[in-house]
Amino acid sequence: NAGVTQTPKFQVLKTGQSMTLQCAQDMNHNSMYWYRQDPGMGLRLIYYSASEGTTDKGEVPNGYNVSRLNKREFSLRLESAAPSQTSVYFCASIRQGSGDNVLTFGAGSRLTVL
Amino acid sequence: GNSVTQMEGPVTLSEEAFLTINCTYTATGYPSLFWYVQYPGEGLQLLLKATKADDKGSNKGFEATYRKETTSFHLEKGSVQVSDSAVYFCALLNQAGTALIFGKGTTLSVSS
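The structure presented is a predicted model; accordingly, all values stated were derived computationally and were not measured.

**Description of the nonpolar core**
Move 1: In terms of nonpolar packing, the biggest core is built from 26 residues, with B:Leu19, B:Trp35, B:Leu47, B:Leu48, B:Phe73, B:Leu75 and B:Tyr88 touching the most fellow members.
Move 2: At the level of secondary structure, the elements contributing two or more residues to this core comprise strand 2 (11-14), strand 3 (19-21), strand 4 (23-26), strand 5 (32-38), strand 6 (44-50), strand 8 (62-65), strand 10 (86-93) and strand 12 (106-111) of chain B.
Move 3: Aside from chain neighbours lying at most four places away, what touches B:Leu19 is B:Val11, B:Leu13, B:Phe62, B:Leu75, B:Glu76, B:Lys77, B:Val80 and B:Leu108.
Move 4: Grouped together as the second largest cluster of nonpolar side chains are 21 residues, A:Leu21, A:Trp34, A:Tyr47 and A:Leu111 included.

This is the structure:
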């Protein structure tokens, strides 16, 4: 089925460990995003990639790195996890310039940092 | 800068009651406006959208009208159902199409 696929769905880390959240879309979208969702905070943009080969910081980029591996894939890396990074992470994509401007979301990745 | 403010919840209603969730925005130019819904344990889904002033977005009995004069995009439904219980997010896409900004979300709980 077409859409945005995130892995893993759940992950528990210890403080200081590293991990990468993977995201892939098969809709030929050019722009991809990583958000985190925390209670009472809504969704906050971590990083986005307007097109293959480009990445830009969002509202809360500290402690994260991203890689736009190709047009389909956009990964989010935590080099040294902290408890403050416990959250639900959502990847999303959109075809900029299509006139549609609808963001399609993945199902989310729940990360707990102990 | 661009921002979205929506009413804080939770909103608790009985089935068949009228629903309004307020949303106001700050933006330069002509943004597009959206309502997304998140059901428990799931990602966000587009509920409705409006791309220019006075447009009305509608879906599943929900409606919202893009009011540029009041910079608002309030969500309404005439008769809510238990299955409408979810978190609702108002969002703005800037005119350049490079940034989608969300409000903090409003939790709706409908009881039978």
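**Topic: the interface of chain B and chain A**
Move 1: Counting residues at the interface gives 17 residues for chain B and 18 residues for chain A.
Move 2: Carbon and sulfur atoms supply 55% of the area that chain B and chain A bury against each other, a total of about 1400 Å² over both sides.
Move 3: Here chain B is connected to chain A by 0 salt bridges.
Move 4: Across the chain B-chain A interface, the total number found is 3 residue pairs in polar contact (both at pLDDT 80 or more).
Move 5: Going through the elements one at a time, strand 5, strand 6, strand 10 and strand 11 (100-102) of chain B are the ones with two or more residues in the side of chain B that touches chain A.
Move 6: For the side of chain B that touches chain A, the element with the highest residue contribution is strand 5 of chain B, accounting for 4 residues.
Move 7: By residue class, the composition of the side of chain B that touches chain A is 8 nonpolar, 6 polar and 3 charged.

**Focus on the side chain of A:Ser49**
All names here are of chain A.
Move 1: Mapped onto the fold, Ser 49 is located in strand 5 (residues 42-49).
Move 2: Side-chain polar atoms of Ser 49 contact the backbone oxygen of Ser 51, separated by 3.0 Å.
Move 3: A polar contact of 2.7 Å, which involves the side chain of Ser 49, links it to the side chain of Arg 68.
Move 4: The contact partners of Ser 49, leaving out residues within four places of it in the chain, are Asn 30, Ser 31, Met 32, Thr 54, Thr 55, Arg 68 and Phe 74.

**A short note on the layout of surface pockets**
Move 1: Taken as a whole, the largest pocket spans an internal volume of roughly 510 Å³.
Move 2: In this structure, the largest pocket is lined by 25 residues; those nearest its centre are A:Gln37, A:Val88, A:Phe90, A:Arg110 and B:Gln38.
Move 3: Mapped by element, the contributors of at least two residues to the lining of the largest pocket are strand 4 (31-38), strand 9 (87-94) and strand 11 (109-113) of chain A together with strand 10 and strand 12 of chain B.
Move 4: Looking at side-chain class alone, the lining of the largest pocket contains 10 nonpolar, 10 polar and 5 charged residues.
Move 5: The computed volume of the second largest pocket comes to approximately 430 Å³.
Move 6: Forming the walls of the second largest pocket are 21 residues, and the residues nearest its centre are A:Met41, B:Val4, B:Phe102, B:Gly103 and B:Lys104.
Move 7: Listing elements by their share of the lining of the second largest pocket, those giving two or more residues are strand 5 of chain A together with strand 1 (3-6) and strand 11 of chain B.

Rules of the game
Residues numbered from 1 in each chain as written. Chains lettered and ligands numbered in written order. Predicted model: local features only at pLDDT ≥ 70, side-chain atom pairs only at ≥ 80, totals over all residues. Heavy atoms only, no water. Core = buried A, V, L, I, M, F, W, Y, C linked by side-chain atoms within 4.5 Å. Buried < 20%, exposed > 50% of the residue type's maximum accessible area, 1.4 Å probe, protein only. Helix = DSSP H or I, 4+ residues; strand = E, 2+ residues; numbered from the N terminus. Contact = heavy atoms within 4.5 Å. Buried area = accessible area lost by both parts, 1.4 Å probe. Salt bridge = Lys/Arg side-chain N within 4 Å of Asp/Glu carboxyl O. Polar contact = N/O pair within 3.5 Å; in protein donor to acceptor, adjacent residues only side chain to side chain. Nonpolar A, V, L, I, M, F, W, Y, C, P; charged D, E, K, R; others polar. 1 Å grid on protein atoms, 1.4 Å probe; cavity = no way out; pocket = protein on both sides within 12 Å on 5 of 7 lines; lining within 4 Å. Points joined across faces, edges and corners; volume = space filled by probe spheres on them.

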